[in-house]
Amino acid sequence: MIEQFNGDIIQWLRAFYYIAETGSVRKAAEYMHRNPSTVSHELRCLEQELGTVLFDRYKKTLQITPEGTKLLEWTVQTFERLNDMRVSIGSSEGGELKGSMSFATSLPVAILAVRPVADFCREHPKVDLVLQRKLPHEVQNAVRQSRVDFGLMGTALPPDDIDMEFLFKARPLLVAHKVNPWKLPERPSIDDLKKLPYVSFWNEDGLQDLEPFSQMEPFADWIKEKSVIQVNNYHLIMRLIWHKAGVGIMDELCYQATAYGAEWDNMETHPLDHLLPSLNYGILVRRGKHLSPQAKALMEVLREHFRSFTPVQEGKALSDLRQHD
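Residues numbered from 1 in each chain as written. Predicted model: local features only at pLDDT ≥ 70, side-chain atom pairs only at ≥ 80, totals over all residues. Heavy atoms only, no water.

Participant: Describe the packing of aromatic side chains, naming the residues involved and giving the relevant values.
Facilitator: On inspection of all chains with the given rule, the structure shows 6 aromatic pairs. Centroid distance Phe 16 to Phe 55: 5.7 Å. Interplanar angle 50 degrees. Geometry classified as tilted. Separated by 39 residues along the polypeptide, Phe 16 in helix 1 (residues 9-22) and Phe 55 in strand 1 (residues 55-58) bring together distant segments of the chain. Assigned by exposure class, Phe 16 and Phe 55 land together as buried. The structure contains a cluster of three or more aromatic residues connected by ring pairs, namely Tyr 17, Tyr 18 and Tyr 31. (Phe/Tyr/Trp six-rings, centres within 6.5 Å; stacked < 30°, edge-to-face > 60°. Helix = DSSP H or I, 4+ residues; strand = E, 2+ residues; numbered from the N terminus. Buried < 20%, exposed > 50% of the residue type's maximum accessible area, 1.4 Å probe, protein only.)

Structural data, given as structure tokens:
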């Protein structure tokens, strides 16, 4: 027997979820296109139904309680299961795939995934697929908050709260104009790097995107001190390097991604894997997430595509990587 609940508990849980994610009844109401008073009422109804306090109210702020944190996990799983029920109608592991799904990916690996994704869309025309291009930290947040089915990205340190399935590695590179005054050796030393001016990456949070170098905090500090300009686009970084504004550091796939539709003949690259960690590229899934048949199918397509993709381990040139696109 299914126990009876008072009221519309699905809407109450939906209101609770958005309040927990935004930390505000007003912001939750904006996401839900509801009145704040309605959302606040739904939260009170849920707390009364469960007989607990889900948020501590202090002045005008809301702090989720331990009971609320536990309920948030249950809420996410509940809506995932409900979404699975909705989108998998007519879909089965052995039959025609239908329904919607989404995944988030960082730009470099997104380019390499274009062909298998396009093949998947042609083979399964009734699957409504949304591909979101995001920065690495945004991919992780989208996976954590279950706003996408899975993520595809590279990281030096796999997140400890998300399951990551390793696919391949990419080395860090120093990129410079061939005509420069620094006389860089093929494999620069720490002292060489300290002397250089940098065109560095900056994200919308105002933070240096130095994740590949997070294991070497002093080096990240050097980059910040030596930055002559900060931008939030790797192609702009390459353009500025091409105009001799400074040097840049990025992994092999970022360098490759900027090469599409551009001529970088005047550029030179220096591997830095003797100083800095390589990036692990792989598939990220929120722990305990229930994946739809279509999401599982696309993940398998991507696994198969990248199984033979081992440029770093085999020492292949970047030009060889383009054969995968």
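Participant: A description of the pairing of strand 12 (residues 279-286) should follow, citing residues and the corresponding values.
Facilitator: Regular strands have side chains that alternate between both faces of the sheet. With 8 of its 8 residues buried, strand 12 lies for the most part within the structure. Relative to strand 12, strand 5 (residues 150-155) runs antiparallel, the two being bridged by 5 bridges. Across the sheet, residue Gly 151 finds its bridge partner in strand 12, namely Leu 284. In this structure, strand 6 (residues 162-170) lies alongside strand 12, joined through 8 bridges in antiparallel fashion. Its bridge partner lying in strand 12, Phe 168 is registered against Tyr 281. (Pairing = 2+ DSSP bridges.)

Participant: For unusual backbone geometry, give the residues involved together with the corresponding values.
Facilitator: In this structure, His 33 takes a positive phi of about 60 degrees despite not being glycine. By the secondary structure assignment, His 33 is in the loop between helix 2 (25-32) and helix 3 (36-50). Its identity is not glycine, yet Ser 146 carries a phi of approximately 60 degrees, on the positive side. With respect to the secondary-structure elements, Ser 146 resides in the loop between helix 7 (136-144) and strand 5.

Participant: An account of the sheet that holds strand 4 (residues 127-133) is needed here, citing residue identities and associated values.
Facilitator: Spatially, the 5 strands line up as an open sheet ordered 4-3-5-12-6, and their pairing is mixed. Each having just a single partner strand, strand 4 and strand 6 make up the two edges of the open sheet. Here the average twist between neighbouring strands, direction ignored, is 20 degrees. Relative to strand 5, strand 3 (residues 99-105) runs parallel, the two sharing 3 bridges. (Axes fitted to C-alpha atoms, helices over the stretch in contact; angles between N-to-C directions.)

Take it as geometry only, folks, not as evidence of what the structure does.
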